[in-house]
Amino acid sequence: IRRQRQMCIRDRPYAARPMIPEGWRKLTYDQYRKIWFDGRNALWEGTDVPQRVDVFPPGLYFPQAVAMHVVADGMAQPLTFDMGVFDTTDTFPDLPVDDTLGYSGLRLRAELEKQGIFQEYAVFQGASYFRGIGTGETYGLSARGLALKTGDPMGEEFPDFTALWLERPLADSNNVVLHALLDSPSCTGAYRFEITPGTVLEMKVRATLFAREELTHLGIAPLTSMFLFDDTMRQRFSDFRPAVHDSDGLLIHNGGGEVIWRPLSNPLTLQISTFTDNNPRGFGLMQRKRRFSDYNDLEALYHNRPAVWITPGEGWGKGAVTLVEIPADLEIYDNIVTYWRPASPLPAGAEHQMSYTLHWGADPVAATADVPVKVLNTAIGGRMEGGQVVVIDFAPGPNLPEDLSQIEVVLRGGDVPLTPGTLQRNPETNGPRLAFTFQPEDAALVEFRAQLRLRDEPLSEIWLYRWTAS
């Protein structure tokens, strides 16, 4: 970290990294698929180190190289580009190799389920993006080192991890430590990742940021995901699948102790929601639908995508969990972003230290925070009598009374007319289902809030939803 901080050129003008040769940058998608890493050349292959590291070729979407180093016995050695670690097909073009070439990222593998079989569990590639999975899961949403100016009219700034340092693990270690240097026109920073694979993958992050200019729109611990449609907007898409998304909701455990569930949406216009808070306890993007039949997709396997839960390592003070929802018509676009936005800007020349932990898995919150009765699903549709009906299914729970009439329903919907709501038990989930109808009239959007309460105490998560006219 000390060496990285020295390299963080906070007092110098930003200088972009050199581009790799043009031939590599102009590779087509099909050509790029014709070069791949040979696992027999993995870092630490044939040693007692319990990790393997693969590298990715440059080119296509990755026009600049990432400097890579291996740290052992207190010394860092560069991991220079070697065409020989890759395999290619006979039709892969003959491309120049010069000093600008390097790898575009790396993949981490470990013995997760069977001795001698090294399965991948994390990838760092592209800008400051990285992804992880719990054992046996399928890659889905991504995390980033930092978000800058997300959703701003003048456009977003994407910092890069320009250099990575891998510490050689001990033979009996179950984790790996990775350092990263972040750089962009507005700021630079040093990151340390302590990564432990498993059923729930854990990433402990420590970072120091240095502002080159005043950072008025700073996004801490950003997550990026895809949401195309579900039961709230099924009618907009002609598709054989009942839902298509990497994540279906934003979960927040705020500083006041409230647990908030905000179903994601694919709006027709850009939507930005802010959840003001002081010292949040955690937040993240979840994938709660876990049955194959929820998606009916044999290729994408959306039911097997991880959720990510973020826990601050110290008090983050005042700010807001921010959710950005971008219109999308195809599932190839990551149109969901969430992050913590501090209330105060970071002045030019200032230093900001932070820490947090990311847990990746099917239900990572279970291991990190107590939550009340969860929201399982939200569905919205029209009624023959006019208006819109909203159906919210809650999970069963140990505190759920057999007699649902004991439960108080707290329901608000702005200024639009709505019914009080009916609570019934869903025989399939054995949990309560809340249904209500509202009349949109001329409203362009409606902010809804619902919660189940028992004896003046919260029984369920707070359900929040922004309905927008289509």
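### Side note on the nonpolar core
- Among the nonpolar cores identified, the biggest contains 91 residues, and Tyr-191, Phe-193 and Leu-358 are the most heavily contacted of them.
- In terms of residue count, strand E14 (residues 201-211) provides more of this core than any other element does, 6 residues in total.
- With 31 residues, the next largest nonpolar core counts Trp-309, Phe-448, Leu-452 and Tyr-465 among its residues.

### Quick notes on the sheet that holds strand E27 (residues 388-394)
- Within the open sheet, the 4 strands sit side by side as E26-E27-E30-E29. Their pairing is antiparallel. Across the chains shown, the open sheet's two edge strands, defined by having one partner strand only, are strand E26 (375-382) and strand E29 (422-425). On average, each strand axis in the sheet is tilted by 20° relative to the strand beside it, whichever way the strands run.
- Across 6 bridges, E27 lies against strand E30 (residues 432-438) in antiparallel orientation. Among the inter-strand pairings, Asp-393 is bridged to a residue of E30, identified as Arg-433.

### Overview of the pattern of salt bridges
- Here the structure, examined in full by the defined rule, presents 24 salt bridges.
- The partner of Lys-26 in a salt bridge is Glu-22, and the shortest N-O contact between them spans 2.8 Å.
- Since its relative accessible area comes to 59%, Lys-26 is described here as exposed.
- Its relative accessible area of 44% is what places Glu-22 among the partly exposed residues.
- Ionic pairing is found between Arg-144 and Glu-156, a salt bridge with its closest N-O pair at 2.8 Å. With Arg-144 in strand E9 (residues 142-144) and Glu-156 in the loop between strand E10 (147-148) and strand E11 (160-167), this residue pair connects regions lying 12 residues apart in the sequence.
- Look at Arg-144 and you get buried, because its relative accessible area is 2%.

Reading guide: rules and limits
Residues numbered from 1 in each chain as written. Predicted model: local features only at pLDDT ≥ 70, side-chain atom pairs only at ≥ 80, totals over all residues. Heavy atoms only, no water. Core = buried A, V, L, I, M, F, W, Y, C linked by side-chain atoms within 4.5 Å. Buried < 20%, exposed > 50% of the residue type's maximum accessible area, 1.4 Å probe, protein only. Helix = DSSP H or I, 4+ residues; strand = E, 2+ residues; numbered from the N terminus. Pairing = 2+ DSSP bridges. Axes fitted to C-alpha atoms, helices over the stretch in contact; angles between N-to-C directions. Salt bridge = Lys/Arg side-chain N within 4 Å of Asp/Glu carboxyl O.

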